[in-house]
Every structure is written in C-alpha cells, then in structure tokens.
Amino acid sequence: MKIGVVNEIKPDEYRVALTPAGARELTQRGHEVLVEAGAGAGSSFPDDAYRSIGASFATAEDVWAQADLVLKVKEPLPAEYALIREGVVLFTYLHLAANEALTRALVESGAACVAYETVETDDRRLPLLAPMSEVAGRLAAQAGATFLEKPLGGRGLLLGGVAGVAPGHVALLGGGIVGYNAAVIALGLGAQVTILERSVDRMRHLEEVLSGRVSLLMSSSLQIEESVIQADVVIGAVLIPGALAPKLITRQMVHEMKPGSVLCDVAIDQGGCAETSRPTTHSEPVYTVEGVIHYCVANMPGAVPVTATKALTNVTLPYVEAIADHGLAEAVARDRSLARGVNVLHGKVTYEAVAEAHGLEYAPLEDVLPLTPV
Ligand SMILES: NC(=O)c1ccc[n+]([C@@H]2O[C@H](COP(=O)([O-])OP(=O)(O)OC[C@H]3O[C@@H](n4cnc5c(N)ncnc54)[C@H](O)[C@@H]3O)[C@@H](O)[C@H]2O)c1
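Below: a short report on this structure.

### Describing the sheet that holds strand β14 (residues 342–345)
Across a sheet, paired strands are connected by hydrogen bonds in the backbone, their directions being either parallel or antiparallel.
Phase 1: Sheet architecture is open: eight strands sit in the order β3-β2-β1-β4-β5-β6-β14-β15, paired in mixed fashion. Across the chains shown, the open sheet's two edge strands, defined by having one partner strand only, are β3 (56–58) and β15 (348–349).
Phase 2: Pairing between strand β5 (residues 89–92) and strand β6 (residues 112–115): four bridges, direction parallel. If you follow F91 over to β6, its bridge partner there is V114.

So this is what it looks like as structure tokens:
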C-alpha cells in the first residue's frame, strides 16, 4: 500500500503522524511511504531521516492524490477538504461530533475516514487517546510547579520544598490517566499529593500502584472545597465520557484559594471543571482570576511534539500496519476496536453519535461493509 504523511497546517500544531521509525516498519513490510517535505520538522525529524529509510517526497496535493492511506494528526482544515477523495483511507483525530462542516465534507468526499479518538477496545478503553492524556497529565504537574514561581506571578513556592521547609500541596480532581500521570510527576518533584475520585475501584488501583504515597479521597462537593482551598496547585482531570466536564470548582472556591496559587484545568477540552476556566493557547497559556493563575491550554501535548509524536506513533502504528497489510475492509473485520474508529465510509456516517450530532442518517458499519473475516 502507498502510505502518505502530510504536514499539519493547523496553527501551533508541530506533531507529525508517522516517525521515521514507524515509516521504516512500514517499508520493511513492503509498503511505500510518501511524505510531504518538511512534515517532520516540528518534531525534530528532518527529511533526511525519512529519506534514509526509503521514503519518497511529494507536495501535499500529490500525497493526497497518490496515497491509498493518508495519516494525519489533526482534523483536515477547510483548505484540505478538496484534496480528500474517494478511494483514500484517512486515519487521524477527527472529533466530528463537534464539526458539522468537516463531517459533510468527508461524507461528500466518499473517502473512508477512521478517527483515532473513537478506536475503542471491548473493555471501553480509548488506546489512541491515552498517550495524549499521559503527556498532558505530566505537563500539568510541571506547569503547576513552574507558574508557582514569583516572577511568573505565582506565590513563590518551591513545590518540593527543601530539607526543613514543607513542600506544597497538589490537589488532583480525577484520578484517571491524566490524574495518575500528574500525580507521578508531582510526587517526583516532592509535593504532597491528594487525588479526589468518584470511583472506589479506581482509588483501590491508585492506592496499589502509587504504594500509598498519595491521599485518596472520595470526591464530594465538601471534600473538593476543602482540598481546593488548601492546595497550592489544583489540577482538573475529570472526565465523564461523551459529556461536558462537570463544574466542580466554583468561583467562590477560587476566591478562597491562596493568592498566587495555580489552577491547571486539563479538562478544558471538555469545557473545563472550574467556573472560572476558559481555553488558552501555548502562546498565552495563563490568565489570573481572583488572584489565582489559570493554566487552561486545550492542546497541551502540542508543547512537546518530540515526545507526543513518538507516543502517538507508538499506539497508532499497529492499526496502520493492519490497514496497510490487509486493506481497511479486512482490517476492521479482524479487529472490532478499529471498526469502532470508522466514522465515515462510502458517503455514509457510520458512527452513531456523529450522525445524531448533525441530524444525518446513520448507517451501521456492518450495513456498509461486510465484517466477516475473509
Ligand atoms: N488539555 C489537554 O491538552 C488534554 C489532553 C488530554 C486529555 N485532556 C482531558 O483531560 C480529561 C481527563 O482525561 P483522562 O484521559 O484522564 O480521562 P479518564 O477517563 O482516564 O479519567 C477521568 C477520571 O475522572 C473521574 N471522575 C469523573 N467524575 C468525577 C468527579 N465528579 N470527581 C472526581 N473524579 C471524577 C473518573 O472516575 C475517571 O477516573 C478529559 O477531559 C480529557 O479530554 C486534555
């Protein structure tokens, strides 16, 4: 199969959908890799790194025109809509439920569109979202520690303390992937960490893997209030799948936090879990409300493309290999997780929530494509 990789044109996006290491795995399996020149530059992968593993280069137009499978990171932008054509398989983050114009463009294109974010295992894990949550969780703890510094507007506290001086407190709302990873880094910095969770099973698991080094508390509004007010860094990491984040932190709680403390609302991509949160960008990551620094960057992994690109390719590559080796029809017949990723196929919307979101007709995948392995 001919596999194409294009440059990401979304502002502030430096990731690329395939590393040279991933490209080599594909060429070794007998596939061709076609890369738009400069596509890996933002992630520190020069063209030569792809050239040395036998990839060829083309313009974005030619990659779209020639490739059987196009790999991207972010959803196509309007400037790219006209390039998406029938017969191509597009594999990328799509987030179609929030984007009607793109959904309609993909339906009209006739392309097969597989969304990273809806690839879902039988036990309801989202393997292609998880690495970005790992990155965001780790970054959140770093951002919290950094913005506590006085010259950056913080209260001037070293999160880990020193011998004879107590460390700072980090309160984590939500102990899922973001919460766990934020806890690991905050603990590494020497902070005192509290995780507020709703799931007792999840708390039991965290108790075990973090060897009792964090306080685990049931998330009630009273407990949230107490923990938020006494924390130096609060990290919002809750998720209710398919819903907006619950507003667990009220403006009054923020008002009662210590001046110069930091609220890092990672759940901002789902609307944020504080009443005072609004999305920010890497070029202007923070703002202050009620004396509390708010860090609410909606695409946190974009700050660390070298790490995020590798973490993304690590998890997408097995699916890319399956599509390349077998073709999409057989690959989805063999793997139900991948089948759940197919959002648009042959001009039909095959993902129910996307069809519902835009009042479009829903066609179950098995009606559009036979799912029995051949
Ligand atoms: N800003 C970014 O760049 C970025 C990057 C990755 C993920 N995220 C977001 O971070 C959030 C967390 O993602 P995740 O992968 O860790 O999700 P996850 O499903 O692994 O974890 C969410 C956790 O929140 C818990 N929870 C739900 N309601 C709660 C409540 N009321 N109180 C306490 N805990 C509660 C759940 O039990 C679960 O353990 C999501 O909104 C995700 O979209 C943002």
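### Notes on the packing of aromatic side chains
Phase 1: Within the structure shown, the criterion is met by three aromatic pairs.
Phase 2: Consider the rings of Y93 and Y116, whose centres lie 4.8 Å apart with planes at 85°: the pair is edge-to-face. Taken together, the positions of Y93 in the loop between β5 and α5 (100–109) and Y116 in the loop between β6 and α6 (130–147) put the pair 23 residues apart, joining distant regions of the chain. As far as the burial class goes, Y93 and Y116 line up, both buried.
Phase 3: Here a set of aromatic residues connected by ring pairs shows up, and it is made of F91, Y93 and Y116.
Phase 4: Above the face of the Y287 ring, R278 is positioned so that its terminal group lies 3.9 Å from the ring centre.

### Description of the sheet that holds strand β9 (residues 215–218)
Phase 1: In spatial order, the strands read β9-β8-β7-β10-β11-β13-β12; together these seven strands make up an open sheet with mixed pairing. Strands with a single pairing partner mark the edges of an open sheet, and in this sheet they are β9 and β12 (286–289). For this sheet the average axis-to-axis angle between neighbouring strands, irrespective of direction, equals 20°.
Phase 2: Strand direction decides the pairing type here: strand β7 (residues 169–173) and strand β8 (residues 192–197), joined by five bridges, are parallel. Bridge pairing links V170 to V193 in β8.

About the cut-offs
Residues numbered from 1 in each chain as written. Predicted model: local features only at pLDDT ≥ 70, side-chain atom pairs only at ≥ 80, totals over all residues. Heavy atoms only, no water. Pairing = 2+ DSSP bridges. Helix = DSSP H or I, 4+ residues; strand = E, 2+ residues; numbered from the N terminus. Phe/Tyr/Trp six-rings, centres within 6.5 Å; stacked < 30°, edge-to-face > 60°. Buried < 20%, exposed > 50% of the residue type's maximum accessible area, 1.4 Å probe, protein only. Lys NZ or Arg CZ within 6 Å of the ring centre and 35° of its normal. Axes fitted to C-alpha atoms, helices over the stretch in contact; angles between N-to-C directions.

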